[in-house]
Amino acid sequence: MPVQAGATLNTFISPLGPSADMNNPELSVETLLPHQGTGGRGTAPERARERTQGAPERNPGNTPRSTPEGTPEFTARKFSALTFATSGTFFLIYLALSARRHAANLSTGYDLGIFTQVVQSYANGTAPYSALKGPDYNTLGDHFHPILAVLAPAYRLFPSGFTLLVCQAALVAFSIAPLMKWAYEVRGRGFALWVGISYGASWGLAKLVSFDFHEVAFAVPFLSLSLCAAGRRNWRAAALWAMPLVLVKEDLGLTVAAIGAYLAWKGARTTGIALAVFGVAATALEMLVILPYFNPLGQFAYWPPEASEEAGLLLQAVGVLWPPVKWLTVLMLVAPTGFLALRSPILLVALPTLGWRFVSSNPYYWGTDFHYSAVLMPIAFAAAIHAVDSGRTGLGSRLGARFGSRVGGGSGGGFGGAVGARLRARGVLPACVLGAVVTGVTFFTHPLHELVLPRTWSESAHARTADELLGRIPDGTTVAASNRLAAQLMDRTTVSEVCLFPRSFPPEEPPRWLIYDDTDNTDPACATGNLLEAGSDVPGYRLIEKRDGISLLQRTATPPTSTSSTGTSSTGIQPNGTPSTGIQPTG
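Residues numbered from 1 in each chain as written. Predicted model: local features only at pLDDT ≥ 70, side-chain atom pairs only at ≥ 80, totals over all residues. Heavy atoms only, no water.

A. Expanded view of the overall build of the protein. Looking only at helices and strands, one finds 23 helices and five strands in the protein. The 587 residues of the protein split such that 55% are buried. For the protein, the share of sequence-separated contacts (at least 6 apart) that also reach a separation of at least 24 residues comes to 69%. Here the protein displays about 25,000 Å² of accessible surface, and carbon together with sulfur accounts for 62% of that area. (Helix = DSSP H or I, 4+ residues; strand = E, 2+ residues; numbered from the N terminus. Buried < 20%, exposed > 50% of the residue type's maximum accessible area, 1.4 Å probe, protein only. Contact = heavy atoms within 4.5 Å. Areas by Shrake-Rupley, 256 points an atom, 1.4 Å probe, with all protein chains shown as cover.)

Below, the structure is given as structure tokens:
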């Protein structure tokens, strides 16, 4: 039975599409029947008939139709335009945030500088070297991310770290589209818009785009495409979209294995098992063979430290779930979905990422800072869509299933099935409202709110001073810079850090220039930094200018390599070639 003209207005005003409007007199029992108990895909006989004969009269996924008079409703074509507009808007938001932070000298050598050097190496046809990590340091000994080579053509055309920020914004924004499309098929325009806006504004993605560039920007669209295909039971597409994840980062092979386990559990046994074996094998090969081979120390750089003998197995197990910041991370993962994600087994795909983060002794992995939670966002929202598609939306879904079974005679049809469908629909709206509230709160506690602050759109006196002093450094030279200034020099000089981070190595020769910002709190402590902050001379260098806490020095002679009481040379670099110590927030 076609939807009458009176349903047109409800299509636009109902937050969850026509099936969620409980007071629409034009919605009949027949209109609701295709959605009951099947997540919007019709009854089993209907699906069987569609596979053999097609379904020209069916309204899949609650897609609004044209009225009998021919007045166009919200068609799939118009929805595609809305999806494009949503993704495009978030692309501009992401790019504006990262570009303004970069212009304000808030991006850093760790990590935008490192990845710029990596892509620059690929663009020059060499291995992915990074001088920030050490002389001729092949970054395939640090993390396994060969997928970055696909950015080389763009970098050759536009050789700038800004190019990486543009690509990252595009990758993350693109990941919105598959989720919105699936959500539209499941419950119409309103639900799809909620998914697109809530996911696009989620705190995990905001943290990614606000903190430099990272390779996991590639993982976000791959996960979105793979999990949407898995939710539709398109097993082959789910496996194919998951496989490239092993080229993004070494730990994501375990996520691929988790997707494979889900496929095997839900019916694609052969494909799922093969994908799981592939994922585990890829991670093992990368962590045990490839990364140690290229690492200067011949080992995987990020193994957790061995537990002390005094710590028993029970204490170690408790440590995985403690301190409470780990529970906060889990809460923040599912809360933006209105806790719908908890009702889908797709959420289990997040376990490998949460597992290695919580097992680690690095406290930066435990919380919601930095970029580590970006890969969890598409998992959570895909799980939320799947929960709605499967009818698992809380109390309303349970009452709906019980009512439809009892009144509909166990078949889910007739009046009981229709009312049951209405009850199930009622469970979606509260979850969406709760999720929207959480997203609204996190907007003000996470970086996206910076776009509405006046200071974001004005240039500070400190940034102008930094740009002027950076401009005095000639192209093609070697520079040691503080962390935030290093990111500004990547495109035209060979840059190392004044104060080395862990797992980094000193340059073979002292750099010709030093530029150091006393106000940069992202640098680890080192002897050279202490001298500059105290206003003392740095052996082998003469001070060109110091203004607003920024010191510019030029080398006059080869600096001595005598060590201070801290075991660090006057250049801030350990002369024995071993990495210096300090705090590294990323990895």
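B. Structural view of the packing of helix H10 (residues 219-231) against helix H17 (residues 376-389). It is at 9 Å that the axes of H10 and H17 come closest, and there the two elements cross at 15°. Compared by their axis directions, H10 and H17 come out roughly parallel. Of the two possible hands of crossing, H10 and H17 adopt the one that is right-handed. Contacts between H10 and H17 involve Val 220, Leu 223, Ser 224, Leu 227 and Gly 231 from the former and Pro 378, Ile 379, Ala 382, His 386 and Asp 389 from the latter. Here the residues of the contact of H10 with H17 sort into six nonpolar, three polar and one charged. (Axes fitted to C-alpha atoms, helices over the stretch in contact; angles between N-to-C directions. Parallel < 35°, antiparallel > 145°, perpendicular 65-115°, else oblique. Left-handed = near helix turned anticlockwise from the far one by under 90°. Nonpolar A, V, L, I, M, F, W, Y, C, P; charged D, E, K, R; others polar.)

C. Broad picture of the sheet that holds strand E4 (residues 541-547). If you walk across this open sheet you meet the five strands as E2-E1-E3-E5-E4, and the pairing is mixed. The sheet is open, and its two edges are formed by strand E2 (494-497) and E4, each paired on a single side. Ignoring strand direction, the axes of neighbouring strands in this sheet form an average angle of 20°. When strand E3 (residues 513-517) meets strand E5 (residues 550-555), the two strands line up antiparallel, connected through five bridges. (Pairing = 2+ DSSP bridges.)

D. Summary view of the state of the cysteines. Scanning the entire structure with this criterion turns up one disulfide. Here Cys 499 pairs with Cys 526 through a disulfide, and the sulfurs are 1.9 Å apart. The chirality of the disulfide connecting Cys 499 with Cys 526 is left-handed, given an S-S dihedral of about -50°. Taken together, the positions of Cys 499 in the loop between E2 and E3 and Cys 526 in the loop between E3 and helix H23 (527-533) put the pair 27 residues apart, joining distant regions of the chain. Taken individually, Cys 499 and Cys 526 each receive the classification buried, so the pair is uniform in this respect. (Disulfide = S-S within 2.5 Å.)

E. A look at the pattern of salt bridges. All told, the structure shown has ten salt bridges when counted by the stated rule. Note that Glu 545 is salt-bridged to Arg 472, the shortest N-O span being 2.5 Å. Taken together, the residues Glu 545 in strand E4 and Arg 472 in the loop between helix H21 (461-470) and strand E1 (478-481) connect sequence positions 73 residues apart. On the accessibility criterion, Arg 472 (42% relative accessible area) is partly exposed. As a salt-bridge pair, Asp 475 and Arg 492 come within 2.8 Å of each other at their nearest N and O atoms. Placement of the pair is Asp 475 in the loop between H21 and E1 and Arg 492 in the loop between helix H22 (483-486) and E2, with a sequence separation of 17 residues. According to the relative accessible area criterion, Asp 475 is exposed, its value standing at 59%. (Salt bridge = Lys/Arg side-chain N within 4 Å of Asp/Glu carboxyl O.)

F. Structural detail: the side chain of His 446. Mapping His 446 onto the fold places it in the loop between helix H20 (428-445) and H21. Among the polar contacts listed, one links the side chain of His 446 to the side chain of Thr 445, at a separation of 2.9 Å. With sequence-adjacent residues up to four places away left out, His 446 is seen in contact with Trp 203, Lys 207, Met 332 and Thr 368. (Polar contact = N/O pair within 3.5 Å; in protein donor to acceptor, adjacent residues only side chain to side chain.)

G. Structural context of helix H4 (residues 76-103). With 28 residues, H4 extends 40 Å between its outermost C-alpha atoms, agreeing within 8% with the 40 Å of an ideal straight helix rising 1.5 Å per residue. By the burial criterion, the buried members of H4 are Phe 79, Thr 83, Thr 86, Ser 87, Phe 90, Tyr 94, Leu 95, Leu 97, Ser 98, Ala 99, Arg 101 and His 102. Elements that come into contact with the buried residues of H4 comprise helix H5 (109-123), helix H7 (161-174), helix H8 (176-200) and helix H9 (203-210). One or two positions beyond H4, positive phi appears at Asn 105, with a value near 60°. (Expected span 1.5 Å × (residues − 1).)

H. Structural view of the side chain of His 214. Note on placement: His 214 falls in the loop between H9 and H10. Among the polar contacts made by the side chain of His 214, one reaches the main-chain carbonyl oxygen of Phe 211 at a distance of 3.2 Å. Excluding its chain neighbours within four sequence positions, the residues that come into contact with His 214 are Asp 111, Phe 115, Gln 168, Leu 208 and His 371.

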